Each structure stands twice: as structure tokens, then as C-alpha cells.
Amino acid sequence: MDRSKLDGLMRPKSIAIVGASTDPTKIGYTVVKNIIEGGYEGKIYPINPKATELLGLKVYPTLMDVPDDIDAAVITVPAKLVISVVEDAGKKGVKGLIIITSGFAESGNRKLEQEVVAKAQEYGVRILGPNIVGTLSNAEKLNASFAPTLPLPGKGALISQSGALLISLDMATFTRKVGFEKLISIGNMSDIDFADLVEWLDEDESVSSISLYIEGFKDGRKFMDVAKKAKKPVIALKAGVSAHGAVAAASHTGSLAGAAKVYGAAFQQAGVVQATDLNNLFDLSLTLSLQPPMYGDNLVIITNGGGVGVLATDAAERFGLPLKFVPKDVQEELKKHMPEFGSAKNPVDLTGMAGYDWYYDTVKFVIAHAWTEGLVILYCETAMTDPMEIAKGIIVALDEANVHGKPVTISFVGGEKSEKAMQWLVEQNIPSFSAPDLAVHAISALREYARMKEIVSESDHQTIPVDKEQALRIIKLAREDGRDSLTEVEAKQVFAAYGLPTTTTLLAKSEDEAVKLAKEIGFPIVMKIVSPDILHKSDAGGVKVNIKDVTSCREAFKTIMANAKEYKADANIHGIAIQEMAPWGTEVILGSVNDATFGPTMMFGLGGIFVEILKDVTFRVAPVSKNSALRMIGEIRGAPILAGVRGEEPRDREMLAETISRYAQMIVDLQDDVSESDANPVLVYAEGKGLKVVDARIILKKK
Ligand code: COA
């Protein structure tokens with residue numbers, strides 16, 4: 001990325017406001033006023049053909065009339081006038097435009113937006129927006145927006161796709177006492193998108209974490225690539241996760257692949273910490289901008305109250321960091337700093353008598369001990385102790401211990417004095433929260449961040465020998481036949497070309513051929529209708545299992561054909577699939593969707609009721625390495641079933657992982673053709689015995 005243009009836009013030495021107005025009710029007036037009041041130290045050039053002076057500044061008729069160079073221009077003229085302003089900006093050599101104006105793609109006016117972008121590209125000018133509030137930076141003392149004021153200063157950046165939300169969060173920084181260095185409204189993302197800004201902010205020294213409020217990406221892969229490389233924590237709150245699920249889907253996987261699942265998978269793969277709601281977004285932005293990642297699971301909780309200790313312990317389990325007892329030598333040392341009735345195990349309960357000294361001694365010892373990998377300090381306000389004194393004891397202890405790379409979060413539960421003490425603690429760079437579970441949630445995010453970054457450093461790209469040409473040939477034949485789905489026999493051939501073990505399945509066009517093929521495969525067999533017009537074969541009476549001899553085979557042939565004709569009289573019937581009857585195994589489902597934002601995406605879960613009712617499935621944006629596939633197998637709720645429970649032998653997870661990885665390769669290679677697919681069920685056998693894909697479905701993209 002050429003940083004110079006974004007540097008000009010985000011850190012301008014001079015800024016123009018095109019559409020600056022002398023009318024105090026107009027946005028063009030507010031922006032100029034905000035820039036002045038924010039304390040911006042660069043040059044300000046209001047542009048308006050009708051005015052000569054505004055808020056003490058000389059007004060120029062057009063950008064071209066300004067005698068100096070201009071780095072950035074805020075545009076506040078109506079939509080239809082924007083293109084001519086962009087032309088002027090291009091000629092003037094402006095680096096970036098902050099287009100506040102609405103009335104583009106968001107209201108159906110895509111063409112106008114495209115024209116504006118094309119014009120900007122002609123001159124190499126970058127665009128933030130349109131349809132935005134603007135951009136705010138404490139470091140630059142620049143409020144180039146119509147939000148009332150610069151936010152409370154902090155160390156994080158927040159990029160928001162919703163302008164109104166950005167303004168309200170700007171105000172909330174003061175009431176919540178959580179500051180931000182930058183607030184950026186991104187609007188329609190006609191040019192500059194989340195990925196561009198994350199990449200730029202990652203190198204910007206004034207911020208140490210990057211938070212995003214996202215409604216949707218245009219190019220999910222581009223974002224993932226940038227987020228994976230980011231050195232700073234990226235935190236995302238994704239809105240609009242419910243509507244997508246309602247979209248009709250032709251495959252099982254399609255119906256399960258809602259935005260929440262696919263975005264969730266993409267964030268995890270890209271090392272992006274997910275916020276659960278707006279409050280959590282604030283908490284995580286604060287925490288990840290102040291504290292280091294947590295590189296192990298050894299969390300210690302220090303408290304002066306049993307109640308908050310238990311609440312924190314519960315939260316630790318809920319957020320994936322279950323507490324362990326601290327080692328015996330730590331316990332022995334800690335006992336010196338607490339009464340007999342305290343507990344040195346974990347949580348370390350100093351009891352209600354704990355004042356400055358006990359907190360100081362314990363914190364200093366615990367944070368420095370090699371076993372400790374993260375620390376949560378809790379305090380319940382009591383009449384015996386002063387919150388500010390405790391806070392000071394903690395900070396002195398942490399300073400003296402001088403330990404780096406171990407995160408600390410705090411919760412003081414109490415009244416105004418506790419609030420004040422926590423504000424002071426935040427000023428000392430220790431994230432502090434009003435409830436114990438919030439402090440634990442925050443530190444668990446630091447743990448999650450470290451875990452994800454470790455995984456992200458592994459590559460998902462691998463070379464698997466496959467027969468892509470064969471798969472494409474089968475797809476081509478189906479297309480020539482005028483179809484946009486493959487039959488089961490064809491789908492299995494495609495799977496086989498990618499080395500997926502499928503049950504032997506041959507197509508019989510007549511009763512005699514059915515008998516011949518059944519003998520070749522060997523009884524017992526399964527018989528299934530093969531018709532592009534009958535996707536739900538069982539519903540149509542098109543499946544017969546456990547056929548043991550020739551007579552039953554002939555009978556089944558007749559029955560299936562009759563049922564199919566009754567189900568759909570004009571169905572195009574290719575014949576009947578004669579299939580090896582696979583022995584029983586644990587049922588799992590593999591599937592894919594070609595997600596509009598992230599492209600080929602893989603699903604895995606347990607089959608049968610687990611997928612039908614419990615929806616116990618997990619997703620990954622493809623490709624998926626074998627290691628990632630093993631993690632998928634381990635992260636579903638039903639994982640113990642595959643690991644072997646109640647004396648059952650463990651299932652062949654190695655082979656399953658290999659199969660998931662191959663499947664993922666298949667959907668990447670065939671992404672121009674395959675829109676959705678399922679292998680369902682896949683029967684997984686005991687360790688070393690492999691698996692079999694019993695049924696297969698591939699839906700093609702409509703061309
Ligand atoms: N160069 C400079 N100034 C120009 C100009 C040009 N080529 N053409 C017009 N102007 C001036 C106008 O004369 C006017 O100034 P004045 O008050 O001194 O006459 C000023 O630009 C603004 O134009 P006006 O026609 O009065 O528009 P407006 O202020 O009513 O609305 C927008 C302009 C951009 C605010 C409006 O179109 C809009 O998009 N509003 C929504 C913005 C929004 O909410 N964005 C965020 C969404 S989250």
C-alpha cells in the first residue's frame with residue numbers, strides 16, 4: 001500500500017473544507033468550527049464560492065484558488081456536486097478526501113458513487129466515505145467531522161461503519177471513561193476500506209489497538225490477509241448476524257452457514273478478537289491497548305472477598321481460562337501475608353482485612369513468580385480500607401516487580417471512591433472494571449488473542465495431489481446436460497478426484513444392469529434414485545438399504561422407479577445408483593458454501609441429530625490445513641464422541657482431518673463452479689480404519 005496518500009488524509013498538514021458554510025445550522029459550518037475548536041495546528045482552508053470569511057478564516061471560491069498545497073479535503077456539498085469537487089481536488093494534488101455527503105450507494109445511487117471513485121482514481125486521490133461523519137484524532141488535534149468534540153484521549157483507534165454510532169460512542173468515551181486516540185467513520189467504503197485502515201493504523205505510533213464496528217465487508221479475504229499480518233490487536237464487533245440465516249439454501253451446509261458463523265471463523269483465522277457487544281468493545285479496546293497478550297493459561301486471582309472471588313472463578317471457566325491451584329511454594333509464601341482463615345490456593349483470598357501492605361506484598365510476589373502468566377486483582381470496598389490506598393499498593397508493587405509480558409486486569413466493586421481509584425488505575429495503564437467477571441472477560445481476551453496469533457502464524461496453504469481436471473470434466477458434462485447440480489454418482493466422482501474415500505457407487509439404467517452391478521459390488525447393497533429433479537431422495541421413496549439378494553434387488557428397482565414417478569411424473573431419471581453398503585461408523589457431515597464475502601468456506605460437524613437439531617458445527621474459510629482440521633474436530637461440542645467415550649474406541653481423526661483438508665482444497669479449486677456442497681453422512685471408523693462418504697451433494701453456481 002502507498003502510505004503517503006493515507007498519511008496525507010489522516011495526518012494532514014493542511015485541510016480544506018469544500019462546502020464550508022456561514023450558516024451555523026449546516027454541516028459545512030460545523031466541520032470548520034470543529035476543526036478550529038479541536039486545536040488543529042495545520043492550515044485550514046474553507047471553500048465556498050459565495051463567502052469571503054468564516055470564523056476568522058479567509059474563504060476561497062474553489063480548491064484551485066488556494067495558494068498552498070492541500071493534503072486533505074472534507075467535502076460537505078450535496079451529492080450531485082461532489083464529482084466536480086473531486087476533479088478540482090485531483091488537479092490541485094489533494095491526497096485524500098473525507099466525503100461526508102450522503103446520497104450514494106447507501107441510497108441506491110451506485111452509479112454516481114462509481115463515477116466519483118473513478119474520477120478520484122484518475123488523479124490518484126484516496127476517498128474516505130462517502131456517507132460518513134468524518135475522522136477524529138487526538139494526536140493530530142483534528143476533529144474533521146460533525147461529531148461534537150474530540151473523544152476522551154486513549155490509545156485505541158475505532159473505525160465504525162455506522163456514522164451515528166460513531167458520534168454516540170464519541171460522547172460515551174466521557175461517561176464510560178474509556179478514551180480513544182482516533183475515531184474514523186468509514187461509511188460506504190467506496191475506496192478506503194477496513195483492510196486499508198487496519199494496515200495503515202498498524203504502523204501508526206499513536207494507536208496501540210484497532211477496534212472495528214462492522215456491518216459487512218466487501219472483500220473478506222483482503223481483510224483477513226491484512227489482519228493476519230497486523231502487529232497490533234484488532235478487535236471486531238460484527239453487527240447484523242441474524243438476517244443472513246434466513247436466506248434459502250439448497251444444501252444443509254448452506255442453511256447453517258449464517259453470517260455469525262462465517263465471520264466468526266474468519267476472525268478466528270485472522271487473529272481478530274471478537275467483541276460480544278458495544279460495552280465489550282469498549283472493554284476490549286481498553287484492555288488490548290494497555291496490556292500484553294497472555295501467553296499461557298496460568299491465571300491467578302487475588303481478592304479480599306470470597307464472593308467476588310467465586311464470581312471471577314465462574315467467569316474464568318466461562319471464558320475458557322479455568323483456574324488451577326497455584327503451586328505449593330507459592331501458597332507457602334502467600335500464607336505469610338494473610339490471616340489463617342484466608343486462602344492461598346487460587347483465588348488467593350487475602351480477606352476483608354487486606355490493606356495496602358498485603359496487596360502490595362502479594363501482588364509483587366505473584367506477578368514475579370514464574371508460574372503466573374496473568375493476574376486479576378479484585379477488591380471489595382470496605383469500611384476498613386481505602387480504595388485509593390489499595391490501588392497505590394498495587395501500582396507500586398507492579399512497578400517494583402518490573403515484570404513485562406504478563407497481563408493484569410482489575411475490578412474494584414464499590415462506590416465513588418472505588419470509581420475514582422479505578423480511573424486512576426486506568427491512567428496507570430491497568431484496565432479496571434466495575435465487576436469481577438468483566439476483568440476476567442478482559443484478561444481472557446488477551447489469552448484468546450495470544451492463542452489465535454500463534455495459530456495464525458501457521459500456514460493454511462499446502463499442496464495436495466489431486467485430479468482437478470477430472471473434477472472439472474464431470475462438472476462440464478453436467479453443465480452440458482443443462483443442469484446446475486450434480487447427481488450423487490457425479491458428486492462422488494468429484495470427491496474421489498480429490499482423494500475423498502467414497503462408497504463404491506455405480507449407475508444402473510435397467511433392472512438387469514442393477515443385478516449385474518450388485519453382484520460386482522457384492523451384497524448387501526444400497527439402491528438410490530439418481531435424478532437431478534429429486535434432491536431429497538428419501539422423501540421420494542427413492543432409497544432402499546440392506547438389499548441382500550437378487551430378488552430383493554429386482555423388487556427394489558421396480559419400487560424405487562414407481563415411487564420416483566409418483567413423486568414427480570416428469571422427473572428426469574438417470575437410473576438407480578447401486579452402492580456398497582458401508583458398515584456402521586460415527587456419522588459426521590462435511591460441507592461447503594461459497595460465501596459472498598469470504599468465498600469458499602468449509603463446515604464440519606457431527607451428523608444425524610447433532611447437525612439437524614443441535615447444529616453442532618464449526619466453520620473455516622478455506623483452504624484448511626490438516627492442523628486446522630484437527631482443531632475443527634476438537635472444537636465441536638461433540639468432540640468427545642470422536643475422541644472415544646464410555647469404552648468406545650477413538651475414531652480415525654487423522655483420516656478425518658486429512659479428508660477435511662482435501663475437501664477444503666476441492667472447494668478452493670472449484671470455486672468458480674461449486675456454490676454449495678455436502679458430504680452427509682460420512683461414516684468415520686475406529687483409529688486406523690478410515691472413513692467413507694456415503695452420500696454426496698454438489699450444487700453448481702448458476703451460469
Ligand atoms: N464548492 C464549495 N461550496 C459549495 C459548492 C462548491 N462547488 N457548491 C455549493 N457550495 C456550498 C453551498 O453554497 C453551501 O454553502 P452556503 O450555506 O454558504 O450557501 C454549502 O456548500 C453546502 O451546500 P448546501 O446545498 O447548502 O447543502 P447542505 O449543507 O444542505 O447539505 C450535505 C450538504 C453534504 C450536508 C448533505 O447533502 C448531506 O449529504 N447530508 C447528510 C450527511 C450525513 O449525514 N453524512 C453522514 C452519514 S452517517
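Computed from a predicted structure; not experimentally measured.

(A) Here's a closer look at the sheet that holds strand 21 (residues 525-530). The strand order 20-23-21-22 describes an open sheet built from four strands, whose pairing is antiparallel. Each edge of the open sheet is held by one strand with a lone partner, namely strand 20 (505-508) and strand 22 (543-547). Shown here is a sheet whose adjacent strand axes are inclined to one another by a mean of 25°, direction ignored. Where strand 21 lies against strand 23 (residues 575-580), six bridges are found, and the strand directions are antiparallel. Within strand 23, the residue paired with Val-530 across the bridge is Gly-575.

(B) Spotlight on the packing of aromatic side chains. The full count for this structure, using the stated rule, is 14 aromatic pairs. An angle of 85° between the planes, with centres 5.0 Å apart, marks the rings of Tyr-263 and Phe-598 as edge-to-face. Here Tyr-263, found in helix 9 (residues 259-270), pairs with Phe-598, found in the loop between strand 24 (586-595) and strand 25 (599-606); they are 335 residues apart in sequence, far enough to count as distant. For Tyr-263, a relative accessible area of 6% translates into the label buried. Members of the aromatic cluster, joined through ring pairs, are Phe-194, Phe-217, Phe-223, Tyr-263, Phe-267 and Phe-598. Above the ring of Tyr-60, the side-chain terminus of Lys-58 is found at 4.9 Å from the ring centroid. Above the face of the Phe-282 ring, Arg-176 is positioned so that its terminal group lies 4.6 Å from the ring centre.

(C) Fine view of a nonpolar patch on the surface. Judged by side-chain polarity, Ile-609, Ile-613 and Leu-614 come together as a nonpolar surface patch covering roughly 310 Å² of accessible area. Inspection of the secondary structure assignment puts Ile-609 in helix 21 (residues 609-612).

(D) Structural view of the environment of Lys-58. Note that Lys-58 resides in strand 4 (residues 57-58). Accessibility expressed as a relative area gives 51% for Lys-58, which makes it exposed. Along the sequence, Lys-58 and Lys-544 sit 486 residues apart, while their C-alpha atoms lie 86 Å from each other. In this view, Lys-58 contacts Pro-46 and Thr-52; residues no more than four positions away in its chain are not counted.

(E) Region of the structure containing the site of the ligand. Lining the immediate environment of the ligand, one finds 20 residues, of which Ser-21, Lys-26, Asn-48, Lys-50 and Ser-102 sit closest. Side-chain polar atom of Ser-21 to an oxygen atom of the ligand: 2.6 Å apart, as the coordinates give it. Within the side chain of Asn-48, one N or O atom sits 2.9 Å away from an oxygen atom of the ligand. Starting from 970 Å² of accessible surface for the ligand in isolation, the protein chains cover 71%. Grouping the constituent residues of the shell around the ligand by class yields ten nonpolar, eight polar and two charged.

(F) Here's a closer look at the sheet that holds strand 6 (residues 96-99). Spatially, the five strands line up as an open sheet ordered 2-1-5-6-7, and their pairing is parallel. Pairing within the sheet leaves two strands with one partner each, and these edge strands are strand 2 (43-47) and strand 7 (126-128). The mean inter-strand angle of the sheet, taken between neighbouring strand axes irrespective of direction, is 20°. Pairing geometry for strand 1 (residues 14-18) and strand 5 (residues 72-75), over four bridges, is parallel.

(G) Examining the pattern of salt bridges more closely. All chains considered together, the criterion is met by 47 salt bridges. Of the charged contacts in the structure, one is a salt bridge between Arg-447 and Asp-297, with a shortest N-O distance of 2.6 Å. Placement of the pair is Arg-447 in helix 16 (residues 436-456) and Asp-297 in the loop between helix 10 (278-290) and strand 15 (299-303), with a sequence separation of 150 residues. Asp-297 sits in the partly exposed class, given a relative accessible area of 33%. Its salt-bridge partner being Lys-626, residue Glu-654 comes within 2.8 Å of it at the nearest N-O pair.

(H) Up close: unusual backbone geometry. A cis geometry characterises the amide bond from Gly-129 onward to Pro-130, with omega recorded as 0°. Tracing the backbone through its elements, the reader meets Pro-130 in the loop between strand 7 and strand 8 (134-137). Put simply, Asn-680 and Pro-681 share a cis peptide bond, and its omega is 5°. When you line up the elements, Pro-681 lands in strand 27 (residues 674-684). Notably, Thr-351 is not glycine yet its phi reads approximately 75°, a positive angle. Note that Thr-351 resides in the loop between strand 16 (348-349) and helix 13 (356-368). Judged by its relative accessible area of 7%, Thr-351 falls in the buried class. Even without being glycine, Asn-402 reaches a positive phi, approximately 50°. Mapped onto the fold, Asn-402 is located in the loop between helix 14 (387-401) and strand 18 (408-413).

(I) Spatial organisation of helix 11 (residues 306-318). In this model helix 11 runs 18 Å from its N-terminal to its C-terminal C-alpha over 13 residues, within 8% of the 18 Å that 1.5 Å per residue would give. All of the buried residues along helix 11 are Val-308, Gly-309, Ala-312, Ala-315 and Ala-316. Angular distribution of buried residues about the axis of helix 11 spans 125°; they occupy a single face of the element. Relative to its buried face, helix 11 has exposed residues pointing more than 90 degrees away, namely Glu-317 and Arg-318. Looking at the buried positions of helix 11, the neighbouring elements they touch are strand 15, strand 17 (374-380), strand 18 and helix 16. Phi turns positive, to about 80°, at Gly-320, one or two residues after helix 11.

(J) How the structure looks around the nonpolar core. The biggest cluster of nonpolar side chains holds 57 residues, and the ones touching the most others in it are Ile-35, Ile-159, Phe-194, Leu-197, Leu-212 and Phe-223. Not counting the four nearest positions on each side in its chain, Ile-35 is found in contact with Ile-15, Ile-17, Tyr-40, Ile-44, Leu-142, Asn-143 and Ala-144. In terms of nonpolar packing, the next biggest core, distinct from the first, is built from 44 residues, Val-133, Leu-165, Leu-284 and Tyr-449 among them.

(K) Representation of helix 13 within the structure. Compared with an ideal rise of 1.5 Å per residue, which puts 13 residues at 18 Å, helix 13 spans 18 Å between its outermost C-alpha atoms and is within 8% of the ideal. Along helix 13, the positions that sit buried rather than exposed are Tyr-359, Tyr-360, Thr-362, Val-363, Val-366 and Ile-367. Taken together, the buried residues of helix 13 touch strand 15, helix 12 (328-335), strand 16, strand 17, helix 14 and strand 18.

What counts and what doesn't
- Residues numbered from 1 in each chain as written.
- Predicted model: local features only at pLDDT ≥ 70, side-chain atom pairs only at ≥ 80, totals over all residues.
- Heavy atoms only, no water.
- Pairing = 2+ DSSP bridges.
- Helix = DSSP H or I, 4+ residues; strand = E, 2+ residues; numbered from the N terminus.
- Axes fitted to C-alpha atoms, helices over the stretch in contact; angles between N-to-C directions.
- Phe/Tyr/Trp six-rings, centres within 6.5 Å; stacked < 30°, edge-to-face > 60°.
- Buried < 20%, exposed > 50% of the residue type's maximum accessible area, 1.4 Å probe, protein only.
- Lys NZ or Arg CZ within 6 Å of the ring centre and 35° of its normal.
- Patch = residues over 30% accessible without salt bridge, like charges linked within 9 Å, V, L, I, M, F, W, Y side chains within 5 Å.
- Areas by Shrake-Rupley, 256 points an atom, 1.4 Å probe, with all protein chains shown as cover.
- Salt bridge = Lys/Arg side-chain N within 4 Å of Asp/Glu carboxyl O.
- Contact = heavy atoms within 4.5 Å.
- Near = heavy atom within 4 Å.
- Polar contact = N/O pair within 3.5 Å; in protein donor to acceptor, adjacent residues only side chain to side chain.
- Nonpolar A, V, L, I, M, F, W, Y, C, P; charged D, E, K, R; others polar.
- Expected span 1.5 Å × (residues − 1).
- Arc of directions from axis to C-beta.
- Core = buried A, V, L, I, M, F, W, Y, C linked by side-chain atoms within 4.5 Å.

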